[in-house]
Amino acid sequence: MQDRILVLGAGGQIGTDLVDTLREDYGTANVVATDLKEPTPAQKEAGPFEQLDAQDGEALLALVKKYKITQVYHLVAMLSATAEKMPMRGWNLNMDTLFTVLELAREGHLKKVYWPSSIAAFGPTTPKQNTPQHTVMDPGTVYGISKLAGELWCDYYHKKYQVDVRGLRYPGLISYKAQPGGGTTDYAVDIFHKAVANEEYQCFMGAETTLPMMYMPDAIKATIGIMEAPAEKVQLRTSYNVAAFSFNPQELYTAIKAQKPDFKMSYAVDERDAIAQGWPQSIDDSAARKHWGWQPDYSLEQMVKDMLAQLSKA
Ligand code: SER
């Protein structure tokens, strides 16, 4: 049977890139984009789009039936920095939408579910270097708590109800098609927009705050990779560590400056630096590599070159 895919949060940073790639792989008509926000003219033209509040389980079920959906990629979330400003709304959004999708799968409406976790699921006493797959997890943000709880619920639904749910702990993601919204790692995207506009960038993250990061083409490769892996290879149903490279703002600035020598950056560090201080600096993703063959393509230098080139075209 032809797989038919529904993406929740299709207008977000990951969703924008993921929908494009899924449509190349599965055919435009087989990938339904949904988002809380009204579609842009470009989204309407690109393929099937439905405006949807992912907290509305009945509306979601109606779409699953209408399009004969077999897989849902659940990308709805309130990110770390925003959720700190409205903790209960962040928790409710992140958890309610997950349960809605897991329940649809438990009831037999879906064959497969994708749900993203994050490095935010780790915490201040997690080993920061080469953070293992299995280690201390004591997240200090509402977003991180929702990711850790979500991981455990995914595992529970898999064990108890045989729901085929798969997930990744994304590092900070860098992309040019859509802006991130309200995350701690947003600086690593914002900086490129300023560099390309020949403007100075004021960085909210401390110069030496190192975080694991990944270029979006690798994140999409990992996401579709784990979803297409044979079920028996996906041995962990919480979420897999995945990694590409790590840097701090000073190192990213240096890499951009190598391409754009006049680029200037100053600092106005805010509360997002403290959130980042509680996250890992580098990630051990050997389980993902071993179990289902994950491997990134982009280095920091390749990512910087491609980001600058892509944004300069716009
Ligand atoms: N990039 C996300 C954030 O900063 C973490 O998953 O919130």
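Quick caveat: nothing in here was measured; it's all calculated off a predicted structure. (Residues numbered from 1 in each chain as written. Predicted model: local features only at pLDDT ≥ 70, side-chain atom pairs only at ≥ 80, totals over all residues. Heavy atoms only, no water.)

Q: Quick rundown of the overall build of the chain? Include the residues and the values.
A: Across its full length, the chain holds 12 helices and 14 strands. At 19 Å, the chain has a C-alpha radius of gyration in line with the 20 Å of a compact globule built from 314 residues. Sequence separation of at least 24 residues holds for 78% of the intrachain contacts in the chain that already meet a minimum separation of 6. Surface summary for the chain: the accessible area is close to 13400 Å², and the carbon and sulfur share equals 51%. Across the chain, the centroid of the 31 positively charged side chains sits 4 Å from that of the 38 negatively charged ones. (Helix = DSSP H or I, 4+ residues; strand = E, 2+ residues; numbered from the N terminus. Rg over C-alpha atoms; globule rule 2.2 N^0.38 Å. Contact = heavy atoms within 4.5 Å. Areas by Shrake-Rupley, 256 points an atom, 1.4 Å probe, with all protein chains shown as cover. Lys, Arg positive; Asp, Glu negative; His and termini not counted. Charge placed at Lys NZ, Arg CZ, Asp CG, Glu CD.)

Q: Describe in detail the site of the ligand, supporting the description with residues and values.
A: Taken together, the residues surrounding the ligand are Leu 79, Ser 80, Ser 118, Tyr 143, Gly 183, Thr 184, Thr 185 and Trp 279. Ser 80 has a polar side-chain atom sitting 2.6 Å from an oxygen atom of the ligand. Tyr 143 is positioned such that a nitrogen or oxygen atom in its side chain is 2.9 Å from an oxygen atom of the ligand. When atom positions are compared with the pocket grids, the ligand is found to occupy the largest pocket. Here the shell around the ligand is composed, by residue class, of three nonpolar, five polar and no charged. (Near = heavy atom within 4 Å. Polar contact = N/O pair within 3.5 Å; in protein donor to acceptor, adjacent residues only side chain to side chain. 1 Å grid on protein atoms, 1.4 Å probe; cavity = no way out; pocket = protein on both sides within 12 Å on 5 of 7 lines; lining within 4 Å. Sits in = over half its atoms within 2 Å of the grid points. Nonpolar A, V, L, I, M, F, W, Y, C, P; charged D, E, K, R; others polar.)

Q: If you had to explain the nonpolar core to someone new, which residues and values would you point to?
A: Counting 65 residues, the largest nonpolar core has Ile 174, Tyr 187, Phe 192, Phe 247, Leu 252 and Met 303 as the members making the most contacts within it. The residues contacting Tyr 187, other than those within four sequence positions of it, are Tyr 201, Cys 203, Phe 204, Met 205, Met 213, Phe 247, Asn 248, Pro 249 and Leu 252. (Core = buried A, V, L, I, M, F, W, Y, C linked by side-chain atoms within 4.5 Å. Buried < 20%, exposed > 50% of the residue type's maximum accessible area, 1.4 Å probe, protein only.)

Q: Account for a nonpolar patch on the surface, with residues named and values stated.
A: A surface patch of nonpolar side chains, amounting to about 280 Å² of accessible area, comprises Trp 153, Tyr 156 and Tyr 161. Within the element layout of this structure, Trp 153 appears in helix α6 (residues 142-161). (Patch = residues over 30% accessible without salt bridge, like charges linked within 9 Å, V, L, I, M, F, W, Y side chains within 5 Å. Salt bridge = Lys/Arg side-chain N within 4 Å of Asp/Glu carboxyl O.)

Q: Let's hear about the packing of aromatic side chains: which residues, and what values?
A: Between two aromatic rings, the relevant description is the distance of the centres plus the angle of the planes. Throughout the structure, instances matching the rule amount to 13 aromatic pairs. For the ring pair Trp 153 and Tyr 156, a centre distance of 5.4 Å and an interplane angle of 75° mean the geometry is edge-to-face. Within this pair, Trp 153 and its partner Tyr 156 are both found in helix α6, separated by three residues, close to a single helical turn. The class of Tyr 156 is partly exposed, set by a relative accessible area of 36%. Here a set of aromatic residues connected by ring pairs shows up, and it is made of Phe 99, Trp 153, Tyr 156, Tyr 157 and Tyr 161. (Phe/Tyr/Trp six-rings, centres within 6.5 Å; stacked < 30°, edge-to-face > 60°.)

Q: Explain the layout of surface pockets to me, using residue names and the numbers behind them.
A: Approximately 1100 Å³ is the volume attributed to the largest pocket. What lines the largest pocket is a set of 45 residues, and nearest its centre among them are Gly 12, Leu 75, Ala 77, Leu 79 and Gly 181. Secondary-structure elements contributing two or more residues to the lining of the largest pocket are α1 (13-26), β2 (31-35), α5 (87-106), β6 (117-118), α6 and β9 (172-174). Per-class residue counts for the lining of the largest pocket are 19 nonpolar, 19 polar and seven charged. Looking at the second largest pocket, its volume works out to about 220 Å³. Lining the second largest pocket are 14 residues, with Ala 10, Thr 16, Thr 40, Ala 42 and Gln 43 sitting closest to its centre. Listed by contribution, the elements that provide at least two residues to the lining of the second largest pocket are α1 and α2 (41-46). No other element matches α1, which puts five residues into the lining of the second largest pocket. (Points joined across faces, edges and corners; volume = space filled by probe spheres on them.)

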